Amino acid sequence: MEIYLDANATTPVLPQARAAALAAMSEDFGNPSSIHSTGLKARALMDAVRARAQRLLGAGAGQLLFTSGATEGIQTAVLSALRALRARRDAGESIGSLLLYGATEHKAVPEALKHWNELLGLGLEVRAIPVGRDGRHDLAWLALQAPRAGLVCTMAANNETGVVSDLDGIEQALGASRTFWMVDGVQGLGKLEMRLASRRIDYAPFSGHKLYAPKGIGLLYVREGAPVTPLLAGGGQEGALRSGTENMSGIAALGAVLAALEDGQTFRDTATLARYRDRLAETLQAAFPGLVFNAPLDFSLPTTLNFAVPGLSSKLLLDLFDAADVRVSGGSACSAAKAQPSFVLQAMGLPEWQTAAAVRLSFGPAADEQLIAEACARIRACGESLRESCLTGTVAQEGTPLTPITRYVVDGACCWLLADPASRTAIVIDPLPELNERLERLLRCQDYRLLAVLDTHSHGDHASSGQALREALPDRLLHAEVDALGWPLGIDTLHLGNQTLRRLALPGHTADSTAYLLGQGTQVRVAFVGDTVMPGALGRTDFPVSEPLALRDSLRRLADALQPGSLLAPGHDYENRFATTLGTEAAHQPLLAGALNGSLDALGLASAKAEFERGLGLTEYQTMACGARVCSGPEAAPELDARGLRQLLRQHPEALLVDVREPYEQRLSLLPELGEVRLQAVPLSVLVDQLPQWLALPAETPVVFFCRSGNRSEQAARALRRLGHEAAYTLAGGLALWPQCEPGLEAALYV
């Protein structure tokens, strides 16, 4: 059962609305402009819906135009006001110099202001009205600027935070100014008493799909006497103010929603909705210690919660909730396909971490007790899953043992956590400030001791957080005296269970650049190479021009220490390749083959060397090594849909399915029924630890990766293919697009 808590983005269609839309399509399908009986019935239906909307919105003698939605209504309102301003100016009247909009306004508003201001040649200044930490407009500022404003745009309630605007206060701040006033009423419909006619509001757009009507139907209120310029010209519908045959199925559906709103039986009252919100808020705070709400509940809609959890990104929380079949969002669903820092919270002056980690939970006024109870149960399960993964709380517990190699990424920079479950010891390589709190919590929760916190080089783009992490874990640190890169003094080799970590100086990117070689004896399993890597591959290649051979010499030293299967783990990974080998890079970069020269023979890379010798010289290599980073785009991984996956499993029963979601997601989510298959749980963060095992599989053995949406699985498949296992696939669209998810594969089937 899906728990949908993203109603501020859109809502499901109310059953009555769906029935009304179908009836309008099959029975009352007439064109309301036709004068025969079928057309007259359609006209009567449309007029009845308009009359009901006027009553509910308190529109009085104002006009209500049917539109395709709020964006069209906003465009019409802005065009109308600005064209009237131009007419005033042409008549010699003063129109002021400002177009004002709330700093937390939906992006459709400032974009419309800029668009029509330019097209109409007004040349007015478009300026944002500041808001306070509570998200409400600065009324004193507005009162000072109002006499110079031609148009002021505010909203009834904010779509991200739910903050309700002080419309009466705004009206008072506008005072005696002649400015036009538009109020975005989208989030207020069905939740607030608008009283349009009793205020000096000139325009108010609304959208049906925010209140259980289908997408594609909306309303625009125009105060009696306010100017209107049609956005669409044509057949003269809507009193020649909005041409185009009316969307009768949408109007009928909207009418059914308004009827339900008017009868008082379908939607919950404000007090009930506030109780629902308070229950959700209390559950969230209990599930996620330290959670903060980004807007004061006293000034917010009773259906909206916007929150952030210290140390947890919005991406992590969205994946977590989605795994539990709870739909929330990272902010406005209209602004971007992926979560971005919230401009709304930035305008409110909230700390950067809150603006980047914000999550919005919103429900509609048709929510009932069952929905809220189930939502609270799922939220509690989400919190428990994070605790089991040591992502919240610091109480020592066994938890799931740490994987030998875990990768964390912040804006392309990689931090590596090496762990030995048997000895409960760990090493951190290239720590990042953004991860210190998470690493500290994890090591305490899992009761690990810290052998070392290492840097591969002295950083130029950020300060190392190694010392801060060591200071945060003095009781866990096994070696207090360390050198500039964090290596314990007086020790040549670090022992991590049955593996060792050795240093290898690789001067070039910086004079102190160092690789750390993890393996047993002289056999290197993984080399953590920092920024000392290959042109066009992982990491960076901005080596000093004064040392054109530094990279070549360092790579040769590295090659002499490695074996053909040794993986290279970078300090930066902008292309999501995770790891590479010298053989892979030599095959992709002939120039690298020249740099390695004789070392290629030892690694069994004679073919790469021959390719280099046929047409490329060291001078060209030097130029590339000292120049801009060059990337050869990896081949996209082939996708399988549900049918293709089942067919592949029939043809290749030995195929391996790999779930690359994180453990906190896997604990919450049901998997599709696929029968007896080989299934592995390998989160993307520990992919590098598993790569050698997959590369050792027979070349024809399919490895199919899947995740929630297909993004992470595509990265995993692409990485494996680049390293040489071409039978790597991704499940298109992930579990989100799987035809039916049912209880099926148990954890015991993971191999």
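Definitions and limits used
Residues numbered from 1 in each chain as written. Predicted model: local features only at pLDDT ≥ 70, side-chain atom pairs only at ≥ 80, totals over all residues. Heavy atoms only, no water. Buried < 20%, exposed > 50% of the residue type's maximum accessible area, 1.4 Å probe, protein only. Helix = DSSP H or I, 4+ residues; strand = E, 2+ residues; numbered from the N terminus. Arc of directions from axis to C-beta. Polar contact = N/O pair within 3.5 Å; in protein donor to acceptor, adjacent residues only side chain to side chain. Salt bridge = Lys/Arg side-chain N within 4 Å of Asp/Glu carboxyl O. Pairing = 2+ DSSP bridges. Axes fitted to C-alpha atoms, helices over the stretch in contact; angles between N-to-C directions. Contact = heavy atoms within 4.5 Å. Right-handed = clockwise from strand over helix to strand, strands pointing away. Parallel < 35°, antiparallel > 145°, perpendicular 65-115°, else oblique. Left-handed = near helix turned anticlockwise from the far one by under 90°. Nonpolar A, V, L, I, M, F, W, Y, C, P; charged D, E, K, R; others polar. Disulfide = S-S within 2.5 Å. Expected span 1.5 Å × (residues − 1). Phe/Tyr/Trp six-rings, centres within 6.5 Å; stacked < 30°, edge-to-face > 60°.

**Description of helix 21 (residues 642-651)**
Among all positions in helix 21, only A642, G644, L645, L648 and L649 are buried. Considered in projection along helix 21, the buried side chains sweep an arc of 160 degrees and stay on one side of the axis. Exposed side chains of helix 21 directed beyond 90 degrees from the buried face belong to R643, R650 and Q651. Among the residues of helix 21, the N-terminal cap falls to D641, whose side-chain oxygen and the backbone nitrogen of R643 are separated by 3.3 Å.

**Focus on the pattern of salt bridges**
What the rule picks out here adds up to 35 salt bridges. Put simply, D202 and R223 hold a salt bridge, and the shortest N to O gap is 2.5 Å. Here R223 lies in the loop between strand 8 (218-222) and helix 7 (248-263) and D202 lies in the loop between strand 6 (180-184) and strand 7 (203-207), a separation of 21 residues in the sequence. For R223, a relative accessible area of 28% translates into the label partly exposed. In this structure, E440 engages R444 in a salt bridge whose closest nitrogen and oxygen atoms are separated by 3.6 Å. Taken as a pair, E440 and R444 lie in helix 13 (residues 436-446) at a separation of four residues, close to a single helical turn. Judged by relative accessible area, which is 25%, E440 ranks as partly exposed. Through salt bridges with shared partners, a single ionic network connects E2, K315, D319, D322, D325, R327, E665, R708 and R712.

**With respect to the side chain of Q563**
Within the secondary structure, Q563 sits in the loop between helix 15 (550-561) and strand 21 (567-570). Exposure remark for Q563: the relative accessible area of 19% places this residue in the buried category. Of the polar contacts made by the side chain of Q563, one reaches the backbone oxygen of T522; its length is 3.0 Å. At 2.6 Å, the side chain of Q563 and the backbone nitrogen of V524 are in polar contact.

**Thoughts on the sheet that holds strand 16 (residues 449-454)**
With mixed pairing, the four strands of this open sheet are ordered in space as 13-14-15-16. Across the chains shown, the open sheet's two edge strands, defined by having one partner strand only, are strand 13 (405-410) and strand 16. Across this sheet, the average inter-strand angle for adjacent strands is 15 degrees, counted without regard to direction. Here five bridges tie strand 15 (residues 425-429) to strand 16, and the two strands are oriented parallel to one another. Bridge pairing in strand 16 places T425 opposite R449. The strands that helix 13 touches are strand 13, strand 14 (413-420), strand 15 and strand 16; relative to strand 14, the one it contacts most, it runs at about 10 degrees.

**Describing the pairing of strand 3 (residues 98-102)**
Across the five residues of strand 3, five count as buried, placing the element largely inside the fold. By the alternation rule, side chains of strand 3 split into L98, L100 and G102 and L99 and Y101, which are all buried. When strand 3 meets strand 4 (residues 125-129), the two strands line up parallel, connected through five bridges. The partner of L99 across the bridge, within strand 4, is V126. A crossover connection joins strand 3 to the parallel strand 4 through helix 4 (residues 108-119); in handedness this β-α-β unit is right-handed. The sheet contact formed by strand 3 and strand 5 (residues 149-155) spans four bridges and is parallel. Bridge pairing in strand 5 places Y101 opposite C153.

**Examining the sheet that holds strand 9 (residues 292-293)**
Strand order in the open sheet formed by three strands is 9-10-12, and the pairing between neighbours is antiparallel. Only two strands of the sheet have a single neighbouring strand rather than two, namely strand 9 and strand 12 (359-362). Strand direction decides the pairing type here: strand 9 and strand 10 (residues 304-308), joined by two bridges, are antiparallel. The residue of strand 10 that forms the bridge with V292 is A308. Where helix 8 (residues 270-287) meets the sheet, its contacts fall on strand 9, strand 10 and strand 12, and the angle it forms with strand 10 comes to roughly 15 degrees.

**Description of the packing of helix 2 (residues 37-57) against helix 7**
Look at helix 2 against helix 7: their axes get within 9 Å of each other, and the N-to-C directions meet at 40 degrees. In terms of their interaxial angle, helix 2 and helix 7 are classed as oblique. Helix-helix and strand crossings are classified by hand; for helix 2 and helix 7 the assignment is left-handed. Together, A42, L45, M46, V49, R52, A53, R55 and L56 of helix 2 and M248, I251, A252, G255, L258, A259, L261 and E262 of helix 7 make up the contact between the two elements. For the contact of helix 2 with helix 7, the residue count by class is twelve nonpolar, one polar and three charged.

**Details of the state of the cysteines**
For the structure on display, the rule yields one disulfide. There is a disulfide in this structure between C390 and C445, and the S-S distance comes to 2.1 Å. Residues C390 and C445 share a disulfide whose torsion about the S-S bond is about -65 degrees; that sign makes it left-handed. One end of the pair, C390, is in the loop between helix 12 (369-388) and strand 13; the other, C445, is in helix 13, and 55 residues separate them in sequence. With respect to burial, C390 and C445 carry one shared label: buried.

**A closer look at helix 24 (residues 711-722)**
For helix 24, built from twelve residues, the straight-helix expectation of 16 Å at 1.5 Å per residue is met to within 8% by its first-to-last C-alpha distance of 17 Å. With eleven of twelve residues buried, helix 24 lies mostly within the body of the structure. For helix 24, the complete set of buried residues consists of R712, S713, E714, Q715, A716, A717, R718, A719, L720, R721 and R722. One or two positions beyond helix 24, positive phi appears at G724, with a value near 125 degrees.

**Comments concerning the environment of G521**
Among the secondary structure elements, G521 is positioned in the loop between strand 19 (514-520) and strand 20 (523-530). Residue classification places G521 among the exposed residues on the basis of a relative accessible area of 53%. Here the alpha-carbon distance between G521 and N498, two residues 23 residues apart in the chain, equals 9.8 Å. Apart from residues lying up to four places away in sequence, G521 is in contact with T500 and R502.

**Things to note about the packing of aromatic side chains**
A complete count under the given rule lists seven aromatic pairs for this structure. Relative to F321, the ring of F288 has its centre 6.0 Å away and its plane inclined at 55 degrees; by these criteria the two rings are tilted. Taken together, the residues span a long stretch of sequence, with F288 in the loop between helix 8 and strand 9 and F321 in helix 9 (residues 314-323) at a distance of 33 residues. Accessibility assignment for this pair places F288 and F321 in one class, buried.

**Considerations on unusual backbone geometry**
In this structure, D411 is a non-glycine residue whose phi angle is positive, near 50 degrees. Tracing the chain through its elements places D411 in the loop between strand 13 and strand 14. Unusually for a residue other than glycine, D447 sits at a positive phi of about 60 degrees. Residue position: D447 is located in the loop between helix 13 and strand 16.

**Quick look at the environment of V409**
Examined against the element boundaries, V409 turns out to sit in strand 13. For V409 and Y574, which are 165 residues apart along the polypeptide, the C-alpha to C-alpha distance reads 9.7 Å.

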